[in-house]
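Each chain, letter by letter, is given below.
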Amino acid sequence: MNLDQWLRYEDRINAHFNPFHGAEINLVDFHVQEDGSFDQPTWRKEEWLIRSAITPVHDAALVAELARSPDYLEFEQGWSCADKFDFGNHRRLGDAVIYPISDIFLHPISKILAVSPSKDFCRYHALEEREAGKYYHPVAEILVAQCSVVEHTIFDPTPKVVIHRDFLRDFLSAGEMSLIISVVVNRFANSEAEADLGIMQNDEIQPEEHESICTSIQSPETTHGKFFRGRSILLRTLIVDPCDEPRYDRSPWYFSRIEHPIEHQELPLFIVDDEGTKKKLLPSGDLNAYMRNGIGQYGYLWFRAEVLRKYLNTPRYSIYFCMRNWGQASLPGERGEIDVGINSLGLVTAFAPDIAQLPAEEQAYWASFSSYPSGEVCEELFQTRMQCNPPLSPSTTELIREARDCLGAVVESRFGVELFDTNEPSEKERAMLSVGPLLNDFSEVATLAKILYKWIFETMSIPALRTVCLTLGQEVDSKLRQIKLLEKGLILIGLSIEESRGLTAPFAGLYDLRIVDAHIGSIDIDASMSLMGGSSQTQARGAWGLCVDSVTRNLNEIAAQFRTNQPSENPDSEDGC
């Protein structure tokens, strides 16, 4: 850019000066840039200062007229001349009131400068500060605001606040506010010829409303050199208007879909019957209306099981099965909950009126997995929701926890030691255990087996098991691990080697599956399924059920044996392999 263009601010459409250019807006900033040496003819320097505030929409034009420089949008904390403490959360500007969009606090003693988005902005978007000064949206999963303290060579540290424009306008819409940005830029440049500066002495122009450029020139006599020095000052005030309405679809907060129905949008089509007929879902949750319109069986539709992966793997989405095959899938911020179950053929059945209450893009996601009806509506789901007769079908995690607690309580009562520590799988891992495999893919079974093994056996205390064996009358090999120590304890209370190995066989099968998950290659689960009492011909979901049932059943049986059996007078001396 030529010197004259630079001094006339022909680049003012750039992001530093124009909040309508790019995805981010600099709301608070101070920047200094210098090229060359002060005593050289090619020297250039610029300093720019940005401050912002929000005000009710109806006062935006007035505030923009009055905020002639960034100083008018500053908020100070401290005691006023009227002996009242000013918290800096608002101030008057003429007949209008302005509010800060950022929280800037200079500690009165340490002089440490703290900078963050305003509390209202963070609360509205439920922002999470995952890194220092970086605030993320919990639903959109993007960086929304960045705050920092900028160090300078000859100036005090200054605050910097950058916010994503669309999320800012969303916030403004919710509060019926407008944003006012005031910018002042000073540019200096040396030139050997006055004409090269391209500006006039003591001139002022107004290119646009709320915008002015003032220029001045110093002669070589006043610069004590052989060059002219030009200076131009840009004063610019801008108004950022809110969105037409808040972005309800990405809000982490609950909102009423009765007040904000989905309309004038192209809603997706779902397969609703055996013939493959496709229809849109009804906005009403009335089951009779669904049945009259032939949408699903008692309002239930069928989907490929992969539809649940999003709820297992996407942050803020969740799913948990409270029975073996039935549970709820939830969207972020309580934006919706869907009754879902997996039937005997491995398809998901879900309640269509629940899906109809979701935002249009979520409906489109479900529609992309829509399937022809095949098999029954998940029995647990149907009996619980439609017949009000919930079957006895404990969830996978409930079975596991009860089996651990049972064995742990017996060992503590009889031997006086804590068998398990308090570590548990993560929330995501517990959800995976509860839902089980989604495809007929035994690699999923191996992955789940690894989580199950960690929960049961990696939380099981080896010293406690050695104490059990010692209390029963025999010191054991220090190399033995959890499964072999359990087996040895069973032998010491009178079970035969075959009986004890029969009780721990599913644990060995679980261990083998865990090893499979850690290696690349084809999965051979014949031996593991055999140890659990089943066949490798079983589908993946059935294999996982067999795995859970055999492991938890035998943990409970071992607890029963430890509770009732007494030490054998002549225990077999074999340690096992």
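Conventions adopted
- Residues numbered from 1 in each chain as written.
- Predicted model: local features only at pLDDT ≥ 70, side-chain atom pairs only at ≥ 80, totals over all residues.
- Heavy atoms only, no water.
- Phe/Tyr/Trp six-rings, centres within 6.5 Å; stacked < 30°, edge-to-face > 60°.
- Helix = DSSP H or I, 4+ residues; strand = E, 2+ residues; numbered from the N terminus.
- Buried < 20%, exposed > 50% of the residue type's maximum accessible area, 1.4 Å probe, protein only.
- 1 Å grid on protein atoms, 1.4 Å probe; cavity = no way out; pocket = protein on both sides within 12 Å on 5 of 7 lines; lining within 4 Å.
- Points joined across faces, edges and corners; volume = space filled by probe spheres on them.
- pLDDT = per-residue confidence, 0-100.
- Contact = heavy atoms within 4.5 Å.
- Pairing = 2+ DSSP bridges.
- Axes fitted to C-alpha atoms, helices over the stretch in contact; angles between N-to-C directions.
- Salt bridge = Lys/Arg side-chain N within 4 Å of Asp/Glu carboxyl O.
- Core = buried A, V, L, I, M, F, W, Y, C linked by side-chain atoms within 4.5 Å.
- Polar contact = N/O pair within 3.5 Å; in protein donor to acceptor, adjacent residues only side chain to side chain.

Caption draft 1: Up close: the packing of aromatic side chains. In total, this model carries 18 aromatic pairs according to the counting rule given. Between Phe303 and Trp366, the aromatic rings sit 5.0 Å apart at their centres with planes inclined by 85°, giving edge-to-face as the arrangement. Here Phe303 is found in strand β19 (residues 300–303), whereas its partner Trp366 is found in helix α10 (residues 360–367), with 63 residues between them in sequence. The class of Trp366 is buried, set by a relative accessible area of 0%.

Caption draft 2: Layout of empty space enclosed by the protein. In total, this model carries 2 cavities of 30 Å³ or more according to the counting rule given. Estimated volume of the second largest cavity: approximately 30 Å³. If you go around the second largest cavity, the residues you meet are Glu24, Leu143, Val144, Ala145, Val162, Ile163 and His164.

Caption draft 3: Region of the structure containing unusual backbone geometry. Phi is positive for Lys111, close to 65°, though the residue is something other than glycine. If you trace the backbone, Lys111 turns up in the loop between β7 (102–106) and β8 (113–117). Assessed through its relative accessible area of 54%, Lys111 is described here as exposed. Even without being glycine, Ala126 reaches a positive phi, approximately 50°. Assignment of secondary structure puts Ala126 in the loop between α3 (119–125) and β9 (128–131).

Caption draft 4: Here's a closer look at the confidence of the model for the protein. Residues with a pLDDT of 70 or more make up 93% of the protein, whose mean pLDDT is 88. The low-confidence segment residues 571–577, where pLDDT is below 50, has 19 contacts with residues more than four positions distant or belonging to other chains.

Caption draft 5: Spotlight on the sheet that holds strand β1 (residues 24–35). The 10 strands lie next to each other as β9-β10-β11-β12-β1-β2-β13-β16-β15-β14, forming an open sheet whose pairing is antiparallel. With one partner strand each, in any of the chains shown, β9 and β14 (203–205) form the two edges of the open sheet. If you compare each strand with its neighbour and ignore which way they point, the axes differ by 20° on average. Note that strand β11 (residues 143–150) and strand β12 (residues 158–164) share 6 bridges and pair antiparallel. If you follow Gln146 over to β12, its bridge partner there is Val162. Those strands touched by helix α4 (residues 165–175) are β1, β2 (44–56), β11, β12, β13 (177–191) and β16 (228–240), and its axis lies near 85° from that of β12.

Caption draft 6: Looking closely at the sheet that holds β19. Read across the open sheet, the 6 strands follow the order β20-β21-β22-β23-β19-β24; overall the sheet is antiparallel. Two strands in the sheet have a free side with no partner beyond their single neighbour: β20 (318–321) and β24 (370–371). As defined by bridge partners, β20 adjoins strand β21 (residues 326–330) across 4 bridges and the pair is classed as antiparallel. Across the sheet, residue Ile319 finds its bridge partner in β21, namely Ala329.

Caption draft 7: Looking closely at the layout of surface pockets. Space inside the largest pocket adds up to approximately 1000 Å³. Around the largest pocket, the lining comprises 37 residues; the ones closest to its centre are Phe75, Gln77, Ser102, Asp103 and Ile104. Secondary structure elements with two or more residues in the lining of the largest pocket: β1, β2, β7, α3, β12 and α4. No other element matches the 5 residues that β7 contributes to the lining of the largest pocket.

Caption draft 8: Local environment of the pattern of salt bridges. Taken as a whole and assessed by the stated rule, the structure comprises 29 salt bridges. A salt bridge links Arg8 to Glu10; its shortest N-O distance comes to 3.0 Å. In this structure, a network of salt bridges that share partners links the residues Glu128, Arg130, Glu141 and Arg316.

Caption draft 9: Region of interest: α4. Those residues of α4 that sit buried are Phe167, Leu168, Asp170, Phe171, Leu172 and Ser173. One or two positions beyond α4, positive phi appears at Glu176, with a value near 55°.

Caption draft 10: Region of interest: the side chain of Ser371. Within the element layout of this structure, Ser371 appears in strand β24. Overall, Ser371 belongs to the buried group, its relative accessible area being 13%. The residues contacting Ser371, other than those within four sequence positions of it, are Ile271, Trp302, Phe303, Arg304 and Leu347.

Caption draft 11: The arrangement of the nonpolar core in detail. In terms of nonpolar packing, the biggest core is built from 88 residues, with Phe303, Leu308, Val340, Trp366, Leu407 and Phe562 touching the most fellow members. Counting residues per element, this core draws most heavily on helix α19 (residues 540–564), at 10 residues. Residues Val28, Trp48, Val115 and Val240 belong to the second largest nonpolar core, which totals 32 residues.

Caption draft 12: Just the environment of Pro332, in detail. When you line up the elements, Pro332 lands in the loop between β21 and β22 (337–342). By relative accessible area, Pro332 is classed as buried at 1%. Expressed as a C-alpha distance, the spacing of Pro332 and Glu398, which sit 66 residues apart in the sequence, is 25 Å. Excluding its chain neighbours within four sequence positions, the residues that come into contact with Pro332 are Val139, Arg316 and Tyr317.

Caption draft 13: Structural context of the side chain of Arg51. Within the secondary structure, Arg51 is located in strand β2. Judged by relative accessible area, Arg51 falls into the buried class, the value being 9%. Within the structure, the side chain of Arg51 is placed 3.5 Å from the backbone oxygen of Asp29, a separation counted as a polar contact. One polar contact links Arg51 to Glu74, side chain to side chain, over a distance of 2.9 Å. When neighbours within four sequence positions are excluded, Arg51 is seen to be in contact with Leu27, Val28, Asp29, Pro70, Leu73, Glu74, Pro159, Ile180, Ile181 and Ser182.

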